[in-house]
Amino acid sequence: MSEVSLTIDGKDVTAEEDMTILGAAQSAGISIPTVCHHDALKPVGSCRLCTVEAEAGGGTSLVAACIHPVSEDLVVTTRSEQIDEIRKVLTEQLLAYAPESGLLQSLAEEYGADKDRFTKEPSFCILCGMCVRYCTEIKQKNAIGFLDRGANREISFVPEIAQRECWDCKECFPLCPTSALQAAFVLMRSLTPLPSSSRPLPGEQEGGPPVAVDGNKELLEATEVSK
Ligand code: SF4
Ligand code: FES
């Protein structure tokens, strides 16, 4: 594998030619924030929190570090007024959907985001797709996927597969960047009223449907998953 030389935040970095900017930065000990990235999963570049400036061939562009490949003599800047503003606004938007997310809370502190800028619409899911990709790529079970498009997009478990596979797995839950762990709630809902969901959840009668509770924290406990 050939190596390329680039500069990240003024530091000379050597990276393998198939690396992304994010991978090269991480190998050089330079931190870039991510929301939808996981080292074990194929990058999709959907959240844009990892936006950096990349200068090559006389031009500078904003790119997603998790999907943009390194190249010889690339000059990368990971913090600037423009980058910080982008991360601030993205964090503000995501916080509307997952106000209790510890990751988003700390990003808000880092980039000076107004946690109440946008009207709260807590779906407890920021559609990062990590749970979906984990189930498809690592477990190869396809028990969870996306439904619909645009504003109606949401994750959904396939009940027939989830009933068979998910209770003893739940490995996607700890990947969820929202502390509310929407995947846990959606799994519960998809399994109702199948026999394995007959265990009562907080706030429901035995055999009744699962109910969303504040931040879904009680559902998290009900799934016996530790983060
Ligand atoms: S449930 Fe969590 S991991 Fe799955 S898409 Fe939503 S935010 Fe991402
Ligand atoms: S971490 Fe790069 S786009 Fe989400």
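Residues numbered from 1 in each chain as written. Chains lettered and ligands numbered in written order. Predicted model: local features only at pLDDT ≥ 70, side-chain atom pairs only at ≥ 80, totals over all residues.

A. Layout of helix α3 (residues 102–111). All of the buried residues in α3 are Leu104, Leu107, Ala108 and Tyr111. Each buried residue of α3 lies within a common arc of 105° when the element is viewed along its axis, so the set occupies one face. Summarising the geometry of α3, the exposed residues directed more than 90 degrees from the buried face are Gly102, Ser106 and Glu109. The inward-facing, buried residues of α3 abut α2 (81–97). Gly112 lies just past α3 and shows a positive phi near 65°. (Buried ≥ 20, exposed ≤ 12 C-beta atoms within 10 Å, placed from the backbone. Helix = DSSP H or I, 4+ residues; strand = E, 2+ residues; numbered from the N terminus. Arc of directions from axis to C-beta. Contact = placed C-beta atoms within 7 Å.)

B. Fine view of unusual backbone geometry. In the Ramachandran plot, Asp73 falls in the positive-phi region, its phi being about 70° despite a non-glycine side chain. According to the C-beta neighbour criterion, Asp73 is exposed, with 11 such atoms within 10 Å. Here Gln140, not a glycine, exhibits a phi torsion of approximately 55°, which is positive. Looking at the element boundaries, Gln140 is found in the loop between α4 (130–139) and β6 (144–147).

Geometric descriptors of this kind do not, in isolation, establish any biological role.
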